[in-house]
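The residues making up each chain are set out below.
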Amino acid sequence: MALAPTTHREVRLTPQPASPSHILHIDTTSQRQSLLRAGSKRTFDHISSSHDEDTYARKHLATEGSLFFRSTTRSPRSILCRLLDDRKVLEIQGVDLVKDHEHKDADTWLTFRVEFKDEVLEKGVQFADAEETDALVGFVLTAGKELITLTLTRDLLTRPSVPTDFDSSMCVRKYTSSFLTARQPYRFHAVSSLELLISLADGGLVRLERKCNESGSQWRETFFSEGGWRGTLTLKGLNPFAGRPIVRYGNVDLDPTAIADMAKSPDATGRIVLKQDLLSGIDDQGNRNPYTMSAEQGRLLQIVLLPPPEVEKGAVSRMDQDDRYAIIVHSHKEHEFKIYDITYTTSLDGESIHTQDLQPSTRLIPPVDELMNTNIWHLEHFHVQPGAAWQETQFWVRARSGALCKTFRIQLDLLGDDGSALDVVDVWSRSWSAVDTGPLTVDALRLFADFPGEDAIADGAVTSSERWLQFLFSPGRFTLPSLETALYMYRKARGLSATSSSQGLQAAESPLQERLTSAVTAKVLLGRSANDQPDYQRYQADIHTQWRAYFAVLSHLHARRHEPIGFAFDSTTNLPWSVCADFVAPIRTCSDFELRKANAELLYDDSDNVKVDPHLLSTIYPDDESVYLSRLLAAAKELRQELSSEAKLLIRSTAQRDCMTSPQDPPDQSRTQTLFNTWNLDEEVTTEVFDDLNAAVENLGGLTSLKNENFERLLDWLDEGLDVSGPNDHRLLARYGADMTLALAREMVLRAENTVLDLLVVVVFVAGGLEEPLDPDFDSEDLFAGLMTRYKRIRLLVWLLEHERETTLLIAEGTTITETVTILEDIHLSHWRAVAAKETTLPQRLTLWTSKWLSSLRLDDEAGWEALTTQILARLITKNEPDLGTDFLPFCSKSSDSSTYIHARLHLLTGNLAQASRDFRSAAPGLSATKSLNHSVDLLLSSDEKGDFGTGKAVYYSHITSLFETLKAYSYIAEFAQLALDHTPRPHDFRAEIAALDRKKGVDSPVAERMDVAVQEARLLRMNEGWNSVLGRLFDALLVLERWGEALGALGGMEDEALQSRGLRGLVEGCVRLGCGDVVLGLLGGDRGGSGREVDGILEELARREMASGSGSGSGSGTTVSGPAYYQLLYALRTQRGDFRGAAEILYEHLQRLLANPHDPVNQDPEDETVVRCYTLLINTLACCCGDGAVNEAAEQEDEAWILAEAIPGVSAQGARRKLVRLGDLRREYAGELDRREGLLRGRFPVVGGFGGGSGGRGERMEVDVL
């Protein structure tokens, strides 16, 4: 059996819209196209992806698809079309990978979905570039006998959003004619936007033509039939009674003469160039053996344009570069290719056409029988890409045998330097290579390191459900519609309701992971073991079994997504494409490492089975070392794959743990020996596996002869090819190019992870499992450290590729799109560069560009590692992603002050303020002394905040204070404000120094002296302002923390009187508001000079305001306040200082306000003692105003006991003035109040009169007895 080495690999991408709002619906089902907008309700869009398999397939799985490549002057160039919903919906997308700089704004964001009334015929979709304008023209033949022309202009193709006023009638035209009504189309080909060819089921051919100024509803028809291909309209096939052989093709009866493939040559002579019988053969006796070709056959014909040959001077040639061409035909019966070079010569007899078979003596039959190990197959598609002078010509073929479909490629020289045919028999049979389908197929996914395995694993740290969820929801593996549909099918198979019974109709709104876990764990019971204890191990095994059942359903859907349905080749860029039911895949060239790893079956020389061209083999394995090391690599892979699922999981989890920890003191036992015992490799590795491993490295001397350099060389292979350099290609990534880059990066990283784990198992096994002495150059501990260093870098990339976040992307002025991207894409995709490497094609550059993009992360040195990790952490902080930041924290170190500061900012975000405080303090010495900040720190700072670094600790700590102020963390505000204050210079005597400088500002002073004075004054003002600012922040924090003594101390240090006054007021108000009046008396009471008088004034103002508002007055109607009222505090403060007259004044005002409201309960309830106690306290206070010498002289005592009562607004009579109130007056009023209360108790109530007499007492009134 011939083997086809894998040299190329598909990068399969899901062709999904940029967002649900970026779908433009075009309805062709009605006669008069209606106005359509994004978001309008449509049958197709509202097919639920969580319903059955058929519904899912109609919406997401295409039955036919291909790509059309436009001219290089047009953008977008690569157009993907897919037929969905039983061939009634045509989906069109631009899938350019890269774009030229001149087309940088021509990206495609819209997805066009064209809906038809009838299904589209097979191969009934064609595209062409409009000749009169920059537009894409699509032609669709439907089963309803309609030809629909769809015109999408450049403005529409490159719009960043769906137009709100879009009218589909402007771009849709329909055409129906007699030939479409009476005859059945079979094959369809667009020569240009103005010429179409349609083959008919009866063997006829129709050419449709129109002019540039004519629409798609105006076509001129020309009919051709076999026998001269002159324009005739025959009745062949219209007579139902005419007997003729037919071929059944779907619902169509095909005549054996029906045209199966068409192409138009670049010349316009109309001559017959070639007649070739591809089906009928002649046996040894000369008899013809007719053969009827299957109607499902693939491509039969290709016309390729060729560059002009080098013509000697003086020669005459009719052809120019655009007209020279060749015809490639493929025989479906013999699977043979024929290549005919078409040339024109001019002589005296006129112009003649020459057809040359480039390989007349060689049967160019692809060895698909041997490559696919089958004799039943057909060629679905082929493409020939000729090289210069037919050298380095590429053949791409796609062969199908049942459900198996593979793509093969060969590159060879058909002609020699002299233009003669070369003998290519041996090369043709042995130089074929295969295209790998990529890492997303079901079989490939099972080989991933994070695949949960077939058996349940007893691991208390991670449950089976957690492992499955991590595997299933890893970005880029499965689509949400696939997961939803698989869940629906799984629930139905288990007899569960369509929605969770516990959540009812709202279950669909729950997260998919939650609904999936609920379905899997439903009906799984926790049993008991033999000792009557809960059997958790069995429970987890049952859960794992259910997850495997769900994965089986999902695998079925996922396999349907990978069904190949199309192939296309971009001749301009030499890039092949594959189209699957739910994927579109550019085909890239494998890297050197991939070539060696993917072709392990070629490593064993068995001439009876392996037939590979030596030249092709040498491109994969250029020397013996590459062969020997590749065998070691293949054996390492096989060794790990043979281990149990539990062992593989344990190996991976151990590597993940050890790569993130720094080695401590040397252990008593070697690390590799410990791992050998922990992983139980002695039991896991069977004798057969051991023999295979030893045989694989026989050329290296066996397992005992392995050296460190063998493993180090294999690790170097992961970085090979990155040294390729070249100028900037000035090409930019398009939308699908970004998806391709991320998908390819994910593939490369996961392959590297598997490789490192494979080598790790070999190192541990050799170090701990062999009894023979090892090579002196084999140091397992050194190798283990190197592998862990490499694995740490890989784990970082895996983390960046597995975690996603939402981001808003500006795609045009005023237009944004919100999409979910991986962290790696978010932080690093902008660093992608296209390198114009010499002698490389686009398939090679796709691999090279992604490799160099990953390597630009600079993870191979400590400086690069810290720069990247701190930048990532800083970006997560700026995006307010504390959970992602915490998860990423193990990758970050505190090796610099900048990284320590970023750690602190994350702790602020997560609420770990104590750790943030410690980190801020730790970073202070460095960040306060240097102005050259790390770029990552810059990401966290505003333009104003950047000046807070490198200017001393005072400014740095003030910056930290501001950060805590945003969180209102007052204890840390006070802490860092105090630290800032400790490092802030304070003027020795600000007022004196300013006064001294003012004296020097004389007019007669020299100019230099005045300038020096101005500089000193500005310095003093800045110093004073900074000091007061820090003190103010400290004071505010202390005030909130109720640390009154420290707050008063901070207040005393302020040089600004206005700030002091405001602070003192705040201190007083705060104390009273929180019920800490005793603090005011303790800290501010007594004789404190100016501050005491200021406190008195503040309290007096607050007390009068409080009493005027009615709160704190002690009445029942007043507002309840905590602690004493302001008037009470002022009274206590004044009595404490011996100011009895002032205390009596505020108490007297309070009394007057009580008496002014007759309806207050304190006046109406004779048993309420409020007014009585106030009189008593006022009389006693006023009595204290007497001097000691006049104690026994009552008259003199009353003369000394007086106050001046100011008129009270709203209480005193209008026009009232200040009056003198003596002690005797108060006693008389007090006696009157007692009499009034006694009268009330006796039933005597006033009926006229009122309160508020001019003397300040109760006033005149008339009383009556109430019986």
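Residues numbered from 1 in each chain as written. Predicted model: local features only at pLDDT ≥ 70, side-chain atom pairs only at ≥ 80, totals over all residues. Heavy atoms only, no water.

### With respect to the overall build of the chain
Move 1: Helix and strand counts for the chain stand at 41 helices and 37 strands.
Move 2: Across the 1267 residues in the chain, those meeting the buried criterion constitute 50%.
Move 3: A total of about 59,700 Å² of accessible surface is found on the chain, and carbon and sulfur atoms cover 49% of it. (Helix = DSSP H or I, 4+ residues; strand = E, 2+ residues; numbered from the N terminus. Buried < 20%, exposed > 50% of the residue type's maximum accessible area, 1.4 Å probe, protein only. Areas by Shrake-Rupley, 256 points an atom, 1.4 Å probe, with all protein chains shown as cover.)

### Comments concerning the sheet that holds strand S24 (residues 378–385)
Move 1: Here we have eight strands laid out as an open sheet, ordered S24-S25-S26-S27-S1-S30-S29-S28, and mixed in their pairing. The two strands at the open ends of the sheet, each matched to only one other strand, are S24 and strand S28 (564–570). Strand-to-strand twist of the sheet, defined as the mean angle between neighbouring strand axes without regard to direction, takes the value 25°.
Move 2: This element, helix H19 (residues 735–769), spans strand S1 (6–10) and strand S30 (583–589) of the sheet and lies at about 65° to S30. (Pairing = 2+ DSSP bridges. Axes fitted to C-alpha atoms, helices over the stretch in contact; angles between N-to-C directions. Contact = heavy atoms within 4.5 Å.)

### Topic: the pattern of salt bridges
Move 1: One pass over the structure, following the stated rule, counts 60 salt bridges.
Move 2: Residue Arg-12 is joined to Glu-10 by a salt bridge in which the shortest nitrogen-to-oxygen separation is 2.6 Å.
Move 3: Judged by relative accessible area, Glu-10 falls into the buried class, the value being 2%.
Move 4: Look at the salt bridges and you will find they share partners, linking Arg-9, Asp-436, Arg-588, Glu-594, Glu-747 and Arg-751 into a network. (Salt bridge = Lys/Arg side-chain N within 4 Å of Asp/Glu carboxyl O.)

### Notes on the sheet that holds strand S14 (residues 205–209)
Move 1: Taken in spatial order, the four strands line up as S12-S13-S14-S15 in an open sheet, and their pairing is antiparallel. Looking along the sheet, the strands with just one partner apiece sit at the ends: strand S12 (185–192) and strand S15 (220–224). Here the strands of the sheet are splayed against their neighbours by 20° on average, with no regard to which way each runs.
Move 2: In this sheet, S15 lies alongside S14 in antiparallel orientation, the contact comprising five bridges. Within S15, the position partnered with Glu-209 by the bridge is Arg-220.

### Structural notes on the environment of Arg-74
Move 1: Residue placement: Arg-74 occurs in the loop between strand S3 (64–69) and strand S4 (78–84).
Move 2: Sequence separation between Arg-74 and His-103 is 29 residues; the distance between their C-alpha atoms is 8.6 Å.
Move 3: Not counting chain neighbours up to four residues away, the residues in contact with Arg-74 comprise His-103, Asp-129, Ala-130, Thr-133, Asp-134 and Ala-135.
Move 4: Looking at Arg-74, its side chain comes within polar contact range of the main-chain oxygen of Ala-130, at 3.0 Å. (Polar contact = N/O pair within 3.5 Å; in protein donor to acceptor, adjacent residues only side chain to side chain.)

### Some details on the packing of helix H15 (residues 671–678) against H19
Move 1: One way to put it is that H15 packs onto H19 with a least axis distance of 8 Å and a crossing angle of 95°. Judged by the inter-axis angle, H15 sits roughly perpendicular to H19. Taking contact as the criterion, the partners of Thr-672, Gln-673, Leu-675 and Phe-676 in H15 are, on H19, Val-763, Val-764, Phe-765, Ala-767, Gly-768 and Gly-769.
Move 2: Looking at the contact of H15 with H19, its residues break down into six nonpolar, four polar and no charged. (Parallel < 35°, antiparallel > 145°, perpendicular 65-115°, else oblique. Nonpolar A, V, L, I, M, F, W, Y, C, P; charged D, E, K, R; others polar.)

### Let's talk about the side chain of Glu-825
Move 1: Along the polypeptide, Glu-825 turns up in helix H21 (residues 823–828).
Move 2: An unpaired buried charge is present at Glu-825: no salt bridge exists, and Arg-746, the closest side chain of opposite charge, is 6.9 Å distant.
Move 3: With residues near it in sequence (within four places) discarded, Glu-825 still touches Ala-738 and Leu-742. (Lys, Arg positive; Asp, Glu negative; His and termini not counted.)

### Some remarks on the pairing of strand S27 (residues 433–436)
In the case of a regular strand, side chains alternate between the two sheet surfaces.
Move 1: Across three bridges, the pairing between S1 and S27 is parallel. Counterpart to Arg-9 in the pairing with S27 is Asp-436.
Move 2: Across two bridges, the pairing between strand S26 (residues 404–412) and S27 is antiparallel. Bridge assignment links Phe-408 to a residue of S27, and that residue is Ala-434.

### Section: helix H22 (residues 842–855)
Residues that lie three or four places apart on an α-helix share one face, since the helix turns once every 3.6 residues.
Move 1: With 14 residues, H22 ought to run about 20 Å at 1.5 Å a step, and its terminal C-alpha atoms sit 20 Å apart, in line with that.
Move 2: Counting buried positions along H22 gives 11 out of 14 residues, so the element sits mostly inside the fold.
Move 3: Listed in full, the buried residues belonging to H22 are Leu-842, Pro-843, Arg-845, Leu-846, Thr-847, Leu-848, Trp-849, Thr-850, Ser-851, Trp-853 and Leu-854. (Expected span 1.5 Å × (residues − 1).)

### Observations concerning the packing of aromatic side chains
Move 1: In total, this model carries 36 aromatic pairs according to the counting rule given.
Move 2: Three or more aromatic residues joined by ring pairs form one cluster here, namely Phe-451, Trp-468, Phe-471, Phe-478, Tyr-490, Trp-547, Tyr-550 and Phe-551.
Move 3: The ring of Trp-717 is capped by Arg-596, whose NZ or CZ atom sits 4.4 Å from the centre of that ring. (Phe/Tyr/Trp six-rings, centres within 6.5 Å; stacked < 30°, edge-to-face > 60°. Lys NZ or Arg CZ within 6 Å of the ring centre and 35° of its normal.)

### Let's talk about the side chain of Ser-851
Move 1: Within the secondary structure layout, Ser-851 lies in helix H22.
Move 2: Relative accessible area serves as the criterion here: at 17%, Ser-851 is assigned to the buried category.
Move 3: In this structure the side chain of Ser-851 is engaged in a polar contact, spanning 3.0 Å, whose partner is the backbone oxygen of Thr-847.
Move 4: Setting aside residues up to four positions removed in sequence, Ser-851 forms contacts with Leu-722 and Met-748.

### Concerning helix H1 (residues 53–60)
Move 1: Taken across its eight residues, H1 has six buried, putting it largely inside the fold.
Move 2: Taken together, the buried positions of H1 are occupied by Glu-53, Thr-55, Tyr-56, Ala-57, Lys-59 and His-60.
Move 3: Residues of H1 that are buried in the fold lie against S4, helix H8 (480–493) and helix H10 (536–561).

### Topic: unusual backbone geometry
Move 1: Backbone torsion omega between Ser-75 and Pro-76 reads 0°, so that peptide bond is classified as cis.
Move 2: Considering the arrangement of structural elements, one finds Pro-76 in the loop between S3 and S4.
Move 3: Although it is not a glycine, Asp-85 adopts a positive phi angle of roughly 50°.
Move 4: For Asp-85, the position within the fold is in the loop between S4 and strand S5 (89–94).

### A word on the environment of Val-140
Move 1: Along the chain, Val-140 falls in strand S9 (residues 135–142).
Move 2: In this structure Val-140 comes out as buried when scored by relative accessible area, which is 3%.
Move 3: Ignoring sequence-local partners within four residues, the contact set of Val-140 consists of Leu-90, Phe-116, Val-120, Gly-124, Val-125, Glu-146, Leu-147, Ile-148 and Phe-188.

### Things to note about the nonpolar core
Move 1: Core analysis: the largest hydrophobic core is formed by 222 residues, its most contacted members being Leu-472, Tyr-550, Phe-888, Tyr-901, Phe-920, Tyr-956 and Phe-964.
Move 2: With 21 residues, the single largest contributor to this core is H19.
Move 3: Look past the residues within four positions of Tyr-901 in its chain and what remains in contact with it is Phe-920, Ala-923, Leu-927, Val-937, Leu-940, Leu-941, Phe-949, Tyr-956, His-959, Ile-960 and Leu-963.
Move 4: Counting 29 residues, the second-largest nonpolar core is a separate cluster that includes Leu-306, Phe-382, Val-384 and Leu-414. (Core = buried A, V, L, I, M, F, W, Y, C linked by side-chain atoms within 4.5 Å.)

### Quick word on the confidence of the model for the chain
Detailed reading of predicted coordinates is not advised where the pLDDT is low.
Move 1: Here the chain averages 83 in pLDDT, and 83% of its residues register 70 or above.
Move 2: Counted against residues more than four places away or in other chains, residues 228–235, with its pLDDT under 50, gives 17 contacts.
Move 3: This model gives residues 1259–1267 a pLDDT under 50, and the stretch forms 23 contacts once residues within four places in sequence are excluded. (pLDDT = per-residue confidence, 0-100.)

### Concerning the packing of helix H7 (residues 464–472) against H10
Move 1: Following both chains from N to C, one finds H7 and H10 inclined at 20°, their axes separated by 9 Å at the closest point. Judged on the interaxial angle alone, H10 and H7 are roughly parallel. Judged by the twist between their axes, the crossing of H7 over H10 is right-handed. Along the contact surface, H7 presents Ser-464, Ser-465, Trp-468, Leu-469, Phe-471 and Leu-472, while H10 presents Gln-540, Ile-543, His-544, Trp-547, Arg-548, Tyr-550, Phe-551 and Leu-554.
Move 2: Here the contact of H7 with H10 is built from residues that sort into nine nonpolar, four polar and one charged. (Left-handed = near helix turned anticlockwise from the far one by under 90°.)

### A short note on the environment of Lys-145
Move 1: Its location among the elements puts Lys-145 in the loop between S9 and strand S10 (147–153).
Move 2: Distance from Lys-145 to Leu-180, taken between C-alpha atoms, is 5.3 Å for residues 35 residues apart in sequence.
Move 3: Ignoring anything within four residues of it in the chain, the contact list for Lys-145 reads Tyr-175, Thr-176, Leu-180, Thr-181, Arg-183 and Gln-184.

### Some points on the pairing of strand S8 (residues 120–129)
Move 1: Burial analysis of S8 places eight of its 10 residues in the buried class, the great majority of the element.
Move 2: Between S8 and the antiparallel strand that follows it, S9, lie five residues.

### Structural notes on a negative patch on the surface
Move 1: Side chains of Glu-709, Glu-712, Asp-716, Asp-777, Asp-779, Glu-781 and Asp-782 sit close together on the surface and give a patch of like negative charge.
Move 2: Of all the secondary structure elements, the ones that give two or more residues to the negative patch are helix H18 (708–717) and helix H20 (780–802).
Move 3: The element best represented in the negative patch is H18, accounting for three residues.
Move 4: Within the secondary structure, Asp-779 sits in the loop between H19 and H20.
Move 5: A residue is classified by how much of its surface remains accessible, and Asp-779, at 38% relative accessible area, is partly exposed. (Patch = residues over 30% accessible without salt bridge, like charges linked within 9 Å, V, L, I, M, F, W, Y side chains within 5 Å. Charge placed at Lys NZ, Arg CZ, Asp CG, Glu CD.)

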